[in-house]
There are 2 protein chains.
Amino acid sequence: MSKFVYFFGNNDTDGKSSMKDLLGGKGANLAEMANLGIPVPPGFTITTEVCVLYLKNKKYSEEITRQVNEAIEKLEKVNNKKLGDPKDPLLVSVRSGARVSMPGMMDTVLNLGLTDISVEGVAKKVNDERFAYDCYRRFIAMFGDVVLGIEFRKFDALIGDKKKELKVKSDTDLTAKDLKELAEKFKEVIKLETGIEFPQDPRIQLQMAIDAVFDSWNNSRAIKYREINNIADNWGTAVNVQTMVYGNMGETSGTGVAFTRNPSTGEKRFFGEYLLNAQGEDVVAGIRTPNPIQDLGKQIPEAYRQLVDICQTLEAHFRDMQDIEFTIQEGKLYMLQTRTGKRTAAAAVKVARDMLEEALIDKETAVTRIQADQIDQLLHPRINPDAELEVIANGLPASPGAAVGKVVFTAEEAELRAELGEKTILVRGETSPEDIGGMASAQGVLTVRGGMTSHAAVVGRGMGKPCVVGCGEIVIDTKNALFMVNGYTIRENDYLTIDGSTGNVILGEVELIEAELNEDLHAILVWADEIRELGVRTNADNPADAGLARELGAEGIGLCRTEHMFFGEDRIPAVRDMIMAEDEKARKKALKKLLPMQKEDFLGIFRSMEGLPVTVRLLDPPLHEFLPTREELEEKLKEFKAASDLDGVERVNLMLQRVNTLKELNPMLGHRGCRLGITYPEIYTMQVKAIMEAACELVAEGAKVTPEIMIPLVGHVKELAFSKQKVIEMAETVMEEMGIKVDYKIGTMIELPRAVITADKIAAEADFFSFGTNDLTQTTFGFSRDDVGKFIPVYKKEEILENDPFAVLDQEGVGELMKIGIEKGRSVKPDLKMGICGEHGGEPSSIRFAHSIGLNYVSCSPYRVPIARLVAAQSTIEARKK
Amino acid sequence: MSKFVYFFGNNDTDGKSSMKDLLGGKGANLAEMANLGIPVPPGFTITTEVCVLYLKNKKYSEEITRQVNEAIEKLEKVNNKKLGDPKDPLLVSVRSGARVSMPGMMDTVLNLGLTDISVEGVAKKVNDERFAYDCYRRFIAMFGDVVLGIEFRKFDALIGDKKKELKVKSDTDLTAKDLKELAEKFKEVIKLETGIEFPQDPRIQLQMAIDAVFDSWNNSRAIKYREINNIADNWGTAVNVQTMVYGNMGETSGTGVAFTRNPSTGEKRFFGEYLLNAQGEDVVAGIRTPNPIQDLGKQIPEAYRQLVDICQTLEAHFRDMQDIEFTIQEGKLYMLQTRTGKRTAAAAVKVARDMLEEALIDKETAVTRIQADQIDQLLHPRINPDAELEVIANGLPASPGAAVGKVVFTAEEAELRAELGEKTILVRGETSPEDIGGMASAQGVLTVRGGMTSHAAVVGRGMGKPCVVGCGEIVIDTKNALFMVNGYTIRENDYLTIDGSTGNVILGEVELIEAELNEDLHAILVWADEIRELGVRTNADNPADAGLARELGAEGIGLCRTEHMFFGEDRIPAVRDMIMAEDEKARKKALKKLLPMQKEDFLGIFRSMEGLPVTVRLLDPPLHEFLPTREELEEKLKEFKAASDLDGVERVNLMLQRVNTLKELNPMLGHRGCRLGITYPEIYTMQVKAIMEAACELVAEGAKVTPEIMIPLVGHVKELAFSKQKVIEMAETVMEEMGIKVDYKIGTMIELPRAVITADKIAAEADFFSFGTNDLTQTTFGFSRDDVGKFIPVYKKEEILENDPFAVLDQEGVGELMKIGIEKGRSVKPDLKMGICGEHGGEPSSIRFAHSIGLNYVSCSPYRVPIARLVAAQSTIEARKK
């Protein structure tokens, strides 16, 4: 015979905290407190199993009814009161309680058991008619609202009318008579709205309330919430029926909420507030100002001491910070709830570290106590949560953190202002590599177009620069130096705040809270490093980023994009000469100018990484990215013509011609990656020369260098074989000339479906694989990361996609392909080292996936390195548990 | 004990024609002729096995040497002559002969066995000193060239010197003395170049010649040829040593080549030519004009009658047209070679049909006798093979057939000229949908950019319009209405010829041969239809194409692209209104205007197909394709401004704004396909309404209609499910309103790797799959079909890719993905109908692949339908053989 009803309290408790699946979180924890000898008002929990059966059959079996009746009788017995007793009725609360806290379901009905008759009994018993009718009218309204589905404002309106009629302001100004009249009117509303009389039989009241809780599991808000949060529909909710206690029975009564530690800072100090002679809702409503919890020690010392003891007991028992609710009824303390307390990022880190030091938890537990997005909060400035915000638009949250500054519309302007010490927000249609200087100078970047891996997003995250992209509602009017959005007109120099963690664009100068990378976090991450199996590298293109990433714990560079080195002011002329070259000879001449600069880059990066592996990706983007745009050139042409500068005209005309020749309809699928290296081998050769000369020089100085040369965009093993041959030739030449031996590797990006599907063949030529999940997502979905902004929002709204696949790795499609690639690759080389170097390398669910499919490392932007370290450790812990 | 040497002739023949692997093609057929009692000069074949052993060990086993010697002795015996006999030496030819004819290997050494001494014997024996020394000097030069590797021109130069010295013009003016002197000088050259004396021992001559044949298997040209043609390196070549016969021994001697039927027309009439008193090379050299073969009947009647008999015997035996070589020595006929005769397309078709009717071959054989590219020749005009061509450039052969016309640079101009009855070649940087009218009006299209599946190529093939694309050397100067290429300047109105089968661009007006779709081809294709299992549909977007394709044998439409219907002059304004619409309401209004036009389209197409299935793909391209380009609009803006047309300015400005909003960086991966249908459901809904109303009307008239509605660019099953829902709703509404039931299907394109990898999930929602191999190739490789022209040529040159994957399906990558998709799809729906509707559907190797992986049909442009029918049948025959 199944047990459907679990009693708790009065030393007669059936459940315990581990039974959350059956009893729900609230019910299980009430039982657990009762087991610990903590005073809880007695009650019983009807299990989630009953919910599932009821929803299926829309009725209860005899056995269930029997067990519920038995529990009611027991509850009457331990309280020595009977439901519906005209003189001293048993009053109860009815609450829902699923496995996890779930908004959208029916919440609470208080004072259940009051009737037209028993309310009089209560009035006499407590000698307070006003108290009794206040309870009664509240009960009728709550019942009408949550059980019968009548809008609460209809009851509220009647209270308003009454106060208007009496010309009073506060509910407390209403007398017992007024409240009694209101109760009558409320019953009329119920009759009018539902056609039924307000039930005067407490058993019927109770049954209707229980049914309503169960039915609320399937209301549309609850279903939606489950869908979004991946909660199974067949879990069901439990119902808790509990004896009422009252904090509003005079100055020895009270009620409060508290945390066992400070949920904001993590400080180990009892934290909370209370009100004397009040009900729970009064604390929350904010009409009276509650007192800090410590004051309770002076007012009701015995109850306070007991409360402090209980909190210690609960923390020691649950080994985590608790969030509690209590009521003191005429000096006697009752605990109404305990649950794990929500906390800020800073508090999470501090509490985890403190509890480890208090030997309450072990390292693994400490590491799992921090959520990845909390680390993110700690690493970026954020908006003061108390600030009032005028949000004028919303884009994609592309690079976390908040930024405040004056609006500018060009990268040059941002750079200029930075020199003057001004803070700016750079607003652009989209950014291009030429904007990098301006992006670095601005506090934050806002773009009209582009997705989570658009140029602005990738560069923003790389720089740790707050960034909101794809804010399509914005219309920029460059001529008048302003932008319009949703009826607002924002001009250059107007203050703007952007929140790269939410995508919000906010009017004016909002107060920010600065980032903090504190000792506590450091300690947690060191423990994470001890646990995790997955390596964590960084994507870094210059010594500064590399150094930062090392400080943040990177174990190497997983992706050094050499193209970013080409945009420097000192390089771009040589790069353009190279592109404008008519033949191989001229191209080689231009490349020769670039060689020493590239070599300097690598010297710096290798030095920063002090012997850790550095994966250098050879040139990837199409050459036209390094030329001015056609529009810019046409502008230039006009200028030169106006100035009668014939040389200039010719030069620009030549460049225009080249821009036209290089023009591509779909540059993402065009002449880039190893395709460049195969058609113009001299480019890659120069890069390899620079890498190897730098490496040899450092080795000669006694340093350790571990270069890993990576060929991008390989789809066919012959592309890799061809490129590899050239790399080896140059590497061997350099080493021979310099008389130095460097241990170098040659590997490839796996970022095209064809590379995945032929990974066995490609593995034969590769020392390592690095999954380029940005490009792989583009080609697997056929989505241009720069253009998805036009339909991804609709896709999310229509629930076609849960996430932007450029932000969260698509495990079903892209991930499935990766598995094929890994399997094929390892079928040829079982120890082939494999990693991810796409933007997903810093996203928690993608990091977990990377670990689960057997990758060796993830590589992410410097500011995501701590997150990756944490999540990698959590993933290991989860895997061990399985 | 292995048999290494096979004797033939003189009723003592060891081999037969089925032993081609061992004896090579030539040796096996010589043996077969001998077996048939046909006179061949006796000889022997050293097997390919010996070649393999020799190349491995660089020497011969004792057994091989023994067998060769035995064969030589037998040859001496049957000829009653001895090698090196000073008075009457045995003279032989030595020829290579692999399984398949293979250029690049050593070819032939004639007159082997002559020495300084035996040449005198021959002179006396035949009483013709000049003959003997002519043979000798030829032998020395051939031996020097092919055995010793001395450039032939060194010998030729000496003959030239001699003629200059003697002031004569022709070799025949040289006397016996002159030739003897030349022979001496040739021997000196050999000594000088190689350091060895010209060998005077015929056994050594023979051994050296045999070694040289074997060694030539591994010379670089032969290796290259094998690589390109997928011939195994370990096949080896055989060596044929054969008694010399001479056609130049007077007026009862002669030599000739012939075909058993006319290789040009296929007519069943003995066809060939001969010369009396001549050697084989004289017939080929063209110094004397040979006589038609029939004349031989008058000159040497007995030999002629015998020759005709032999030809009949050979044809009956080999059951195919033969290409033969013969020599008559003093009245006696010798057959030197027989092999399957090469033939023109027309001949191939006629011969196959005739032979079937003559009961020489069966249907399956007839069908395998035609090559796919021969059908292509028959369906398109081509350049007269005798014409002299001045090829000025070469592009990609995008749409077969040749075209001649005057150069024009705009589609409008091409249309204008067509109205005036002028033939034009439209030369464009690239074409866009707006050029379609001009393309239709021009004779052919030539573009600077674009690959095998660029717009010009696809539309060209669809129209059956000759087209050369990606001719990157061309520089168009629109301002001066000319283009420059490789030093040529071609102006508007200059005549130009393009060959879409070779990619050649030819100066001037070249003579063309018209296409012929004759009865013979029709007969063959009907037999093919009886054999094949693979369905053949067509890609057609209008009733005319649909009708043409039906005539060419299409069994349905596999791809009807609705976007092409949007470009009509009467539609484009409504299409643009739809795109310019500010909201759904305005969009619906514009769509309402399009509805009746779309319905007319479908009525026409359904009527043309008379009940055959018609797969209609809902709108696929991004909306910006339907708007003018930014450049065009800016031009317009100037005009309106100049004319102070404020309304016009505003209208154009609005459109410019929309063009900017819709602009995409990678439109191929952008807002298109079902992404459009999901963000603007009203577009698809209108199309479905048009399809279903048309279908219902026809069904009401008593016609049969089988619409298959296809959702493009699905990557996630939810995209399909969402779109399908909308389709069903509209379809049911229409059918209900019209009171008609139509049997319709809803399926999807599989053209994204994600669709492939989740094909099991997608199958659950699909009635059919159509593999869109164009897009699948783009995303699998990460190649933009419009941009590959920049590197594919280098890839082919560097042998990274064998073929342009947009022309020939990449079986290793894209094909492997298709297999996964098929397997996953059928794992859920075993009978799921699947086809190909990319451009590969008309390419022979891709059609074979489609059949081998279990697709149900291919769909291709109308002019490729006959090819697909043929190849599908051949594929079935091949599969049955396995």
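Everything that follows concerns the structure shown earlier in this document.
These numbers were taken from a predicted model, which means no experiment stands behind them.

### Structural notes on the overall build of chain A
Each helix and strand counted, chain A has 34 helices and 31 strands in total. Dimensions along the principal axes, computed over C-alpha positions, put chain A at roughly 105 × 60 × 55 Å. With 882 residues in all, chain A has 59% of them scored as buried. For chain A, the proportion of contacts with a sequence separation of at least 24, taken over those separated by at least 6, is 67%. Summing over all exposed atoms, chain A offers an accessible surface of approximately 36,000 Å²; the carbon and sulfur share of this is 49%.

### Examining the sheet that holds strand β3 (residues 92-97) of chain A
Residues and elements named next belong to chain A. Pairing is antiparallel across the open sheet formed by 5 strands, whose spatial order is β1-β2-β5-β3-β4. Since the sheet does not close on itself, it has two edges, and those belong to β1 (5-8) and β4 (108-112), each with one partner. Geometrically, the sheet is characterised by an average inter-axis angle of 20 degrees between neighbouring strands, direction not taken into account. Sheet topology places β1 next to strand β2 (residues 43-46); 4 bridges connect them, and they run antiparallel. Bridged to F8 within β2 is G43. Along the sheet face, helix α3 (residues 62-79) touches β1, β2, β3 and β5 (238-243) and points at about 10 degrees away from the line of β1.

### Notes on the sheet that holds strand β9 (residues 322-329) of chain A
All names here are of chain A. Strand order in the open sheet formed by 5 strands is β8-β7-β6-β9-β10, and the pairing between neighbours is antiparallel. Sheet topology places β8 (291-292) and β10 (332-340) at the edges, where each strand pairs with a single neighbour. Looking at chain direction, strand β6 (residues 254-259) and β9 are connected through 6 bridges and run antiparallel. When the bridges of β9 are listed, V257 appears paired with E325.

### Here's the deal with the packing of aromatic side chains
One pass over the structure, following the stated rule, counts 39 aromatic pairs over all chains. Measuring from ring centre to ring centre gives 5.8 Å for F139 of chain A and F143 of chain A, while their planes differ by 70 degrees; the resulting arrangement is edge-to-face. Placement of both F139 of chain A and F143 of chain A in helix α5 (residues 129-147) is noted, with a separation of 4 residues, approximately one turn of the helix. On the accessibility criterion, F139 of chain A (0% relative accessible area) is buried. With 4.9 Å between their ring centres and 25 degrees between their planes, F567 of chain B and F626 of chain B make a pair best called stacked. Taken together, the positions of F567 of chain B in the loop between β25 (557-561) and α21 (572-580) and F626 of chain B in the loop between β26 (613-617) and α23 (630-642) put the pair 59 residues apart, joining distant regions of the chain.

Calculation rules
All chains use their own residue numbering, which begins from 1 and follows the written sequence. Here every chain gets a letter starting at A, and every ligand a number starting at 1, in the order they are written. Where totals are concerned, whole chains, interfaces and linings use all residues; where local detail is concerned, this predicted model gives features only for residues with pLDDT of at least 70, and gives and counts side-chain atom pairs only at 80 or more. To obtain the side-chain values, all non-hydrogen atoms of the structure were included, while hydrogens and water were left out. Helix numbering and strand numbering both begin at the N terminus, where a helix is a DSSP run of H or I of at least 4 residues and a strand a DSSP run of E of at least 2. Three exposure classes are used, based on accessible area relative to the maximum for each residue type with a 1.4 Å probe and protein chains only: buried under 20%, partly exposed in between, and exposed over 50%. By definition in these notes, contact holds between two residues if any of their heavy atoms fall within 4.5 Å. Computed with a 1.4 Å probe, the accessible areas rest on the Shrake-Rupley method; for each residue, only the protein chains presented here act as cover. The rule for pairing is simple: two strands pair if DSSP sees at least two bridges between them. Axis angles are defined between N-to-C directions and span 0 to 180 degrees, where every axis is a line fitted to C-alpha atoms and, for a helix, only to the segment in contact. By convention, a stacked pair of Phe, Tyr or Trp rings (six-membered ring in the case of Trp) has centres within 6.5 Å and planes under 30 degrees apart, an edge-to-face pair has planes over 60 apart, and any other such pair is tilted.

These figures come from the coordinates and say nothing about function on their own.
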